[in-house]
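Given next are the chains, with one letter for each unit.
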Amino acid sequence: MSDHSSMTFEQRVDALGLCLNDTEDDIIDCIRRHRGDIAALTIQKMSQELYVAPNSIMRLAKKLGYSGFAELKFSIQNERAATDAPFSRQLLEMLPNNIVKTLDIIDMDQVRAVASLLRRSHGCILAGVGDSSYYCELLGKNLRCVDMPAQYFQHIHDMIYAVQHGDANDAVLIISARGENQRLVDLARRVREKGMTVVSITHMKENPLAAQAQYNLYFWGEHRLVQDYNVTDRIGLMLLIRLLSEVFWQSCGFAP
């Protein structure tokens, strides 16, 4: 890795030579096309444009010697600004892996779109079970501090009741690390039937909850068990919730 630290993006690509496959060549061409607006390029946009899996993009960033896609973008920006690129590596390598991976996959266009949705909504219902309920409560408090009507509940029956008596102009934000909890998937279907908007926050992968939502926000937090105890890392989820809160506050005129 240290041998790559002073190399430009193109030098790293040249160094790999024939070790790149066709999919990786397509990803590199896409990065080149977006070099002028690299800060706005996200893994989700690239995967949709190229019809490739997000993990393929992340693997290529590692193969090129970056800590992740976030450093790749930061490094290319630094090349254009003629600044000290190796500093980006020092900065990102100080962060936990899940934070770096979450930074890789955050789609700021989606974050801003969800913040705008919340601004337009009459109210927000926050849904999550188990450990996710703590993050529903935290986000609810962050919304309510600027007078956004936000409801969060401990029990699924209360969530269902709130949806049944909700307004078509309400937004329902559902947090589920794996996006596979059937009760929450069924709740999302009820929300859609009521004409309300669903926002999902899940780990970055295809999942049934995200398939039901009009807006998807992703963090990196792979499911992990230790002696059958759920110890899934939710650092990335906390980062995403804080980022969404900050963007929402700014949209309400509460800039830092």
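To keep things clear, this report deals only with the structure shown in the data block. (Residues numbered from 1 in each chain as written. Predicted model: local features only at pLDDT ≥ 70, side-chain atom pairs only at ≥ 80, totals over all residues. Heavy atoms only, no water.)

## A few points about unusual backbone geometry
The line we're drawing: The helix and strand labels rest on DSSP assignments: H or I over at least four residues marks a helix, E over at least two residues marks a strand, and numbering proceeds from the N terminus. Accessibility here uses a 1.4 Å probe with only protein chains present; expressed as a share of the type maximum, an area under 20% marks a residue as buried, one over 50% as exposed, and anything in between as partly exposed.
One non-glycine residue, Y51, lies in positive phi territory at about 60°. Positive phi, normally seen in glycine, also occurs at D147, with a value near 70°. Tracing the chain through its elements places D147 in the loop between α9 (132–144) and β2 (150–152). Taking the relative accessible area as the measure of exposure, D147 reaches 69% and is therefore exposed.

## What to know about the pairing of strand β1 (residues 124–127)
A regular strand carries its side chains on alternate faces of the sheet. Going by this rule: Here, a strand pair is defined by DSSP locating no fewer than two bridges between the strands.
Burial along β1 is two-sided: C124 and L126 facing one way and I125 and A127 facing the other are all buried. Two strands pair when backbone bridges link them, and β1 and β2 are joined in this way by 3 bridges, in the parallel orientation. In the strand pairing of β2, I125 is matched with Q151. Pairing of β1 with strand β3 (residues 171–175) involves 4 bridges; the strand directions are parallel. Looking at β3, one finds that A127 is bridged to I174.

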